[in-house]
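Chain by chain, the residues run as shown.
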Amino acid sequence: SRAQGTRKTYRQAWDNFCVCCKDHHLEALPATPETVAMYAADLAEYMKPSTIANHISAISVAHQFKNAKSPTQTPLVRSTLQGIRRTKGVAKTKKAPVRVIHLWHLDEVLPRNLKGVRDKALFLIGYSGAFRRSELVNVNVEDLIFVEEGVRIRVRRSKTDQEGKGHIKDIGYAINAANCPVKALKKWLEQSGIKSGAVFRSVNKYGDICNDRL
C-alpha cells in the first residue's frame with residue numbers, strides 16, 4: 001500500500017533501529033517507550049528532526065504489522081521528539097533554484113557529447129513542465145506524443161499520485177530555438193537511437209547508451 005521509496009526508507013530505518021537495540025541488548029519488537037526515546041536522542045546527534053521522524057514512523061509501522069502496541073505515541077517519545085525539534089529547529093535548508101537565465105547558458109557548461117545532449121533535454125523539459133526528478137526519469141518513449149504545438153508527456157505516477165491515475169503535461173515549442181525543450185528532446189532521441197522504454201538513460205564513459213534509466 002506504500003510507495004517503493006517509502007518502503008525502502010522504512011526498511012533502512014527499521015534495520016538501523018534493530019542494530020541499535022542489539023548493540024544495547026534491548027528488545028526491538030515490542031520496544032519500550034524508553035528504548036525509542038533513547039534511540040531518538042542518539043539520532044539527534046547527527047540527523048535532522050524530519051529524518052528522525054521518518055525513523056520513528058518506521059518503528060510504529062513495524063509494530064502495527066505485528067499487531068503490537070506502538071510505543072511511539074507515548075508521552076515520553078512525543079516529548080522527546082518535541083525537545084529535539086525545539087533544540088535543533090525545523091527550518092529547511094532551501095537550495096537555490098534554477099532560473100531561466102541559467103538555461104540560456106546550458107551550451108556553455110554542458111559537455112559537447114551525448115551526455116550533454118541528454119542533460120540539456122533533461123534541464124529544459126524538467127523546467128518547462130515543472131517535473132519532479134522521479135517523474136522525469138520514469139518517462140518512457142511510449143509516454144510521448146509529439147503534436148504540432150510541441151509534445152504531450154504522460155506522467156504515469158508521481159509523489160502526489162500514488163495510485164497511478166496519471167496526468168498529461170504539455171510542453172510547447174520555444175521562440176528561441178537554441179533553448180527549445182521540444183527540439184532538445186527530439187535531438188536526444190535521434191542521437192541516442194532510443195525507440196522504446198526509458199527516455200533518459202545513463203551514458204557510459206565510451207558514449208554508449210545503457211539500458212537502465214537514470
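See above for the structure.
So, here's what we can say about the structure.

Rules used throughout
Residues numbered from 1 in each chain as written. Predicted model: local features only at pLDDT ≥ 70, side-chain atom pairs only at ≥ 80, totals over all residues. Heavy atoms only, no water. Helix = DSSP H or I, 4+ residues; strand = E, 2+ residues; numbered from the N terminus. Buried < 20%, exposed > 50% of the residue type's maximum accessible area, 1.4 Å probe, protein only. Pairing = 2+ DSSP bridges. Core = buried A, V, L, I, M, F, W, Y, C linked by side-chain atoms within 4.5 Å. Contact = heavy atoms within 4.5 Å. Axes fitted to C-alpha atoms, helices over the stretch in contact; angles between N-to-C directions. Parallel < 35°, antiparallel > 145°, perpendicular 65-115°, else oblique. Nonpolar A, V, L, I, M, F, W, Y, C, P; charged D, E, K, R; others polar. Salt bridge = Lys/Arg side-chain N within 4 Å of Asp/Glu carboxyl O. Disulfide = S-S within 2.5 Å. Expected span 1.5 Å × (residues − 1). Arc of directions from axis to C-beta.

**Concerning the environment of Val109**
Thought 1: Its place among the elements puts Val109 in helix H6 (residues 106–109).
Thought 2: On the basis of relative accessibility, which here comes to 63%, the residue Val109 falls in the exposed class.
Thought 3: In sequence terms Val109 and Trp14 are 95 residues apart; their C-alpha atoms lie 42 Å from each other.

**Some remarks on the pairing of strand E2 (residues 150–155)**
Consecutive side chains along a regular strand alternate between the two faces of the sheet.
Thought 1: Pairing of strand E1 (residues 144–147) with E2, which is carried by four bridges, proceeds in the antiparallel orientation. Residue pairing across strands places Phe146 opposite Val151, the latter belonging to E2.
Thought 2: From the end of E1 to the start of E2, which pair antiparallel, there are two residues.
Thought 3: As paired strands, E2 and strand E3 (residues 167–172) are joined by six bridges and run antiparallel to one another. The residue of E3 that forms the bridge with Gly150 is Gly172.

**Considering the nonpolar core**
Side chains that are nonpolar tend, in soluble globular proteins, to be buried together.
Thought 1: Formed by 28 residues in total, the largest nonpolar core has its most connected members in Leu144, Ile153, Leu185, Trp188, Leu189, Val199 and Phe200.
Thought 2: Contributions of two or more residues to this core are made by helix H7 (114–128), E2 and helix H9 (181–192).
Thought 3: Those residues in contact with Trp188, other than ones at most four positions away along the chain, are Leu114, Val117, Arg118, Ala121, Ile194, Val199, Phe200, Arg201, Val203 and Ile209.
Thought 4: Within the second largest apolar cluster, 19 residues are counted, among which are Ile52, Ile59, Leu81 and Ile84.

**Thoughts on the packing of helix H1 (residues 4–23) against helix H2 (residues 33–43)**
Thought 1: Between H1 and H2, the least distance of the axes is 11 Å, while the angle of their chain directions is 105°. One element, H1, and the other, H2, form an angle in the roughly perpendicular class. Between H1 and H2, the residues in contact are Ala13, Asn16, Phe17, Cys20 and Cys21 and Thr35, Val36, Met38, Tyr39, Asp42 and Leu43, respectively.
Thought 2: Taken together, the residues that form the contact of H1 with H2 break down as eight nonpolar, two polar and one charged.

**Quick notes on the pattern of salt bridges**
Thought 1: Using the criterion set out here, one finds six salt bridges in the structure.
Thought 2: In this structure, the salt-bridge partner of Lys169 is Glu135, at a minimum N-O distance of 3.3 Å. Within this pair, whereas Lys169 is found in strand E3, its partner Glu135 is found in helix H8 (residues 133–137), the two being separated by 34 residues in sequence. Just as Lys169 is buried, Glu135 falls in that class too.
Thought 3: A salt bridge links Arg152 to Asp170; the nearest nitrogen and oxygen atoms lie 2.6 Å apart. Placement of Arg152 in strand E2 and of Asp170 in strand E3 is noted, with a sequence separation of 18 residues between them.
Thought 4: Take Arg152: its relative accessible area is 36%, and that puts it in the partly exposed class.
Thought 5: Residue class for Asp170 comes out exposed when judged on its relative accessible area of 51%.

**Observations concerning the sheet that holds E3**
Thought 1: Reading across the sheet, the three strands line up as E1-E2-E3 and stay open at both edges, with antiparallel pairing between neighbours. In the strand order of this sheet, the two ends are held by E1 and E3, each with one partner. Strand-to-strand twist in this sheet, taken as the mean axis angle between neighbours without regard to direction, amounts to 20°.
Thought 2: Its contacts with the sheet put H9 on E1, E2 and E3, and the angle it makes with E1 is roughly 120°.

**A word on the state of the cysteines**
Thought 1: Here the structure, examined in full by the defined rule, presents zero disulfides.
Thought 2: With no disulfide of its own, Cys21 has Cys20 as its nearest cysteine by sulfur position, at a separation of 5.7 Å.

**Observations concerning H9**
Thought 1: Compared with an ideal rise of 1.5 Å per residue, which puts 12 residues at 16 Å, H9 spans 16 Å between its outermost C-alpha atoms and is within 8% of the ideal.
Thought 2: Within the sequence span of H9, burial applies to Pro181, Val182, Ala184, Leu185, Trp188, Leu189 and Ser192. Within H9, the buried residues cover an arc of 165° as seen down the axis, which keeps them to one side.
Thought 3: Packing partners of the buried residues in H9 comprise H7, E1, E2, E3, strand E4 (201–203) and strand E5 (209–213).
Thought 4: Where H9 ends, the next residue or the one after it, Gly193, has phi of about 75°, a positive value.

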